[in-house]
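If you want the building blocks of each chain, they are given just below.
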Amino acid sequence: MDDLLAHMRIGVAQDVFAVRQLGREVAREVGLEGQDQTRVATALSEAARVMVASGQVTTVAFQLRRDPAPTLLVEMEHPARGDAATLAQQLKAVGRLVDTMEVADGETGTVVRMARRLPPGAARLTLDHMDEIRARLDEHRPGTPLDELAVQNQQLIAALDEVRAQRDDLARLNAELEETNKGVMALYNQLSEELEETNRGVVALYAELDEKSVQLRAASEAKSRFLANVSHELRAPVTAIIGLGRLLADEGSDKLTSEQGRQVELIRTSATDLLTLVNDLLDLAKAEAGRIDPVPSDVDLRAVFGQLRGTLRPLATRPEVEFVVEEPGLPSIRTDEVLLGQVLRNLLTNAIKFTAAGSVRLRVTRAGDDAVFEVADTGAGIPPELHERIFEEFYQVPGSRALSGKGTGLGLPYARRLVTILGGALRVTSEPGKGSTFTVALPVGGP
Ligand code: ADP
């Protein structure tokens, strides 16, 4: 239910001032603040002015609505009917002073309803409180039009003051904003300059890096060329030394003393080791110089495994080591058969060399698009910090030569090169004392 706070009738021009004063009083009593009081009072007096001009007596009722939110309602009614459309047009500006305004043709005349929401504190309005308000409003006696004019003038002055203060505030804010903008622009320019500077540095750095990598490539090519030439040139004399040694030790040659025989044998084995080294160097140099072009074909893995089994079994001479080449887990892959054979032979030879007891195993399985070859042994193993170093040229795990007897330290770098050329990857997992597993993953569909 809406509570009636006050009501009055207006019929003559003077009443317009009275209703304005009453409206302001009601607005103040229900808790609206200064400017809102003026808004309500102005809306009311303007509506009253228009309605009185029609010559009809108008009743005005002020009510308080609690739900859903505390709201002041003002209802003005005059008996002339069918007037709503014109009145609504005339009161258009008034609507802006309140939250809602409607003009309607009712049973008994034309009604104007205005509503203004009250501030949150107004919710405390109790029934007792309302009685007090009603009593005070009853006592309210309208002042003269001159009094009202004075009040209006004061309000106008206050409003103008406020507008000026707001305009000054706005000007100050604008100045501050401009100042801030200048600061931001300065910062932006400084950052841009710094960024440009950094970019220049980065570009210079890249240019230097490019130059260095060109130099590096040239150095590496020169090294490969040098190795290839030297090893090529060395092959002939070393082969000659081996031949000569064989000739000297031959039955048909002059008899050598046993000391001479021992020395010639020493020359021969040293020359043979040298030839192995020269050949390994030549292979690696060729691979590094990019002079190995893989020739892919469909490689029958059973055949490759069979051949490895046959050629390497004679090397696995230790009775404590079981040498196992398993049945392939896939029939074939597309790759270069010769290079694949070299890689696997290399890994198996190492495994046999470095395994004193247990087993050496070769197997291949399929994992997605890859064929994964595994050479697993139960040999000496390799400490984890050396897992990458063993792929460097000439590197040998300290102490490992004692077990293997010989080696150049070129086998693994060469094997890794070949696997890369075949489009795959060569990795190792190993634990000292437990053994090592070298894994070659090659794309089944070819390099
Ligand atoms: P090489 O066998 O001629 O010495 P590699 O390049 O083939 O040269 O191997 C480098 C080193 O890696 C070997 O000297 C050895 O110390 C270590 N190594 C390679 N394979 C194995 C293996 N299966 N078990 C233990 N150590 C190994």
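Residues numbered from 1 in each chain as written. Predicted model: local features only at pLDDT ≥ 70, side-chain atom pairs only at ≥ 80, totals over all residues. Heavy atoms only, no water.

(A) Quick look at the overall build of the protein. The helix and strand tally for the protein stands at 11 helices and 12 strands. Taken over the C-alpha trace, the protein has a radius of gyration of 53 Å; the compact-globule value for 447 residues is 22 Å, which it surpasses by more than 25%. Its C-alpha atoms give the protein principal-axis dimensions of roughly 155 × 50 × 40 Å. Each of the 447 residues in the protein was classed as buried or not, and the buried ones make up 35%. A distance of 6 Å separates the average location of the 51 positive side-chain charges in the protein from that of its 66 negative side-chain charges. (Helix = DSSP H or I, 4+ residues; strand = E, 2+ residues; numbered from the N terminus. Rg over C-alpha atoms; globule rule 2.2 N^0.38 Å. Buried < 20%, exposed > 50% of the residue type's maximum accessible area, 1.4 Å probe, protein only. Lys, Arg positive; Asp, Glu negative; His and termini not counted. Charge placed at Lys NZ, Arg CZ, Asp CG, Glu CD.)

(B) Geometry of the sheet that holds strand β1 (residues 3-10). Here 5 strands make up an open sheet; going across it, the order is β1-β2-β3-β5-β4 and the pairing antiparallel. Looking at the sheet topology across the chains shown, the edges are occupied by β1 and β4 (100-105). Strand after strand, the sheet turns through a mean of 15 degrees between neighbouring axes, direction not considered. Pairing analysis gives 8 bridges linking strand β3 (residues 71-78) to strand β5 (residues 110-117), with the strands arranged antiparallel. Along β5, the bridge assignment pairs E75 with R113. (Pairing = 2+ DSSP bridges. Axes fitted to C-alpha atoms, helices over the stretch in contact; angles between N-to-C directions.)

(C) Just helix α2 (residues 34-53), in detail. For α2, spanning 20 residues, the distance from its first C-alpha to its last is 29 Å, which sits close to the expected 28 Å at 1.5 Å a residue. The set of residues buried in α2 consists of D36, Q37, V40, A41, A43, L44, S45, A47, A48, V50, M51 and V52. (Expected span 1.5 Å × (residues − 1).)

(D) Broad picture of unusual backbone geometry. Even without being a glycine, F394 presents a positive backbone phi close to 70 degrees. Looking at where F394 falls in the secondary structure, it is placed in the loop between β10 (370-377) and α10 (400-404).

(E) Representation of the nonpolar core. F373, I390 and F438 are the most contacted members of the largest nonpolar core, which has 53 residues in total. The greatest single-element share of this core, amounting to 8 residues, is contributed by helix α9 (residues 337-353). Shared between two domains, this core holds at least three residues of each, these being domain 2 (171-291) and domain 3 (297-443). Excluding its chain neighbours within four sequence positions, the residues that come into contact with I390 are I382, Y395, V397, L412, P413, V428 and F438. Ranked by size, the runner-up nonpolar core spans 39 residues in total, among them V30, L32, M51 and V60. (Core = buried A, V, L, I, M, F, W, Y, C linked by side-chain atoms within 4.5 Å. Domains from an automatic or database assignment. Contact = heavy atoms within 4.5 Å.)

(F) Main features of helix α6 (residues 145-249). With 105 residues, α6 ought to run about 156 Å at 1.5 Å a step, and its terminal C-alpha atoms sit 147 Å apart, in line with that. Largest kink in α6: about 30 degrees, centred on R235, with the proline P237 one to four residues after it. Taken together, the buried positions of α6 are occupied by E148, Q155, S224, L227, A228, S231, V238, I242 and G245. Each element contacted by the buried residues of α6 is listed here: α1 (13-29), α2 and α7 (258-288). (Bend = angle between axes of the 7 residues up to and from the residue.)

(G) Looking closely at the side chain of S436. Mapping S436 onto the fold places it in strand β12 (residues 435-443). Within the structure, the side chain of S436 is placed 2.9 Å from the side chain of S430, a separation counted as a polar contact. Leaving out residues up to four positions away in the same chain, S436 has contacts with V375, A376, D377, G381, I382, T429 and S430. (Polar contact = N/O pair within 3.5 Å; in protein donor to acceptor, adjacent residues only side chain to side chain.)

(H) Representation of the domain arrangement of the protein within the structure. Taken as a whole, the protein is organised into domain 1 (2-143), domain 2 (171-291) and domain 3 (297-443). For domain 1 and domain 2, the distance between their C-alpha centres works out to 97 Å.

(I) Structural view of the site of the ligand. If you check the shell around the ligand, you find 21 residues, and the closest are N350, D377, Q396, S400 and L412. Between the ligand and L412 there is a distance of 2.8 Å, counted from an oxygen atom to a backbone nitrogen or oxygen. When the ligand is considered free in solution it has 530 Å² of accessible area, and contact with the protein chains removes 97% of it. For the shell around the ligand, the secondary-structure elements that each account for two or more residues are α9, α11 (411-421) and β12. When grouped by side-chain class, the residues that make up the shell around the ligand number 10 nonpolar, 9 polar and 2 charged. (Near = heavy atom within 4 Å. Areas by Shrake-Rupley, 256 points an atom, 1.4 Å probe, with all protein chains shown as cover. Nonpolar A, V, L, I, M, F, W, Y, C, P; charged D, E, K, R; others polar.)

(J) View of the packing of α7 against α11. Direction vectors running N to C along α7 and α11 enclose 35 degrees, while the axes themselves pass 10 Å from each other. Handedness of the crossing formed by α7 with α11: left-handed. Of the residues in α11, those touching α7 at D283, L284, A287 and E288 are P413, Y414, R417 and I421. By residue class, the composition of the contact of α7 with α11 is 5 nonpolar, no polar and 3 charged. (Left-handed = near helix turned anticlockwise from the far one by under 90°.)

(K) Representation of the packing of α1 against α6 in the model. Across the interface, α1 lies against α6 with an axial gap of 10 Å and an inter-helix angle of 50 degrees. The angle between α1 and α6 places the two elements in the oblique class. Of the two elements, α1 crosses α6, and the hand of that crossing is left-handed. Between α1, through Q14, F17, R20, Q21 and R24, and α6, the contact on the second element is made entirely by P145, D147, E148, V151, Q152 and Q155. Broken down by class, the residue content of the contact of α1 with α6 amounts to 3 nonpolar, 4 polar and 4 charged. (Parallel < 35°, antiparallel > 145°, perpendicular 65-115°, else oblique.)

(L) Representation of the pattern of salt bridges within the structure. Under the criterion given, the structure shown has 27 salt bridges. Residue E388 is joined to R416 by a salt bridge in which the shortest nitrogen-to-oxygen separation is 3.0 Å. With E388 in the loop between β10 and α10 and R416 in helix α11, this residue pair connects regions lying 28 residues apart in the sequence. In this structure, the salt-bridge partner of E392 is R389, at a minimum N-O distance of 3.5 Å. Within this structure, D36, R39, D99 and R116 form a network of salt bridges that share partners. (Salt bridge = Lys/Arg side-chain N within 4 Å of Asp/Glu carboxyl O.)

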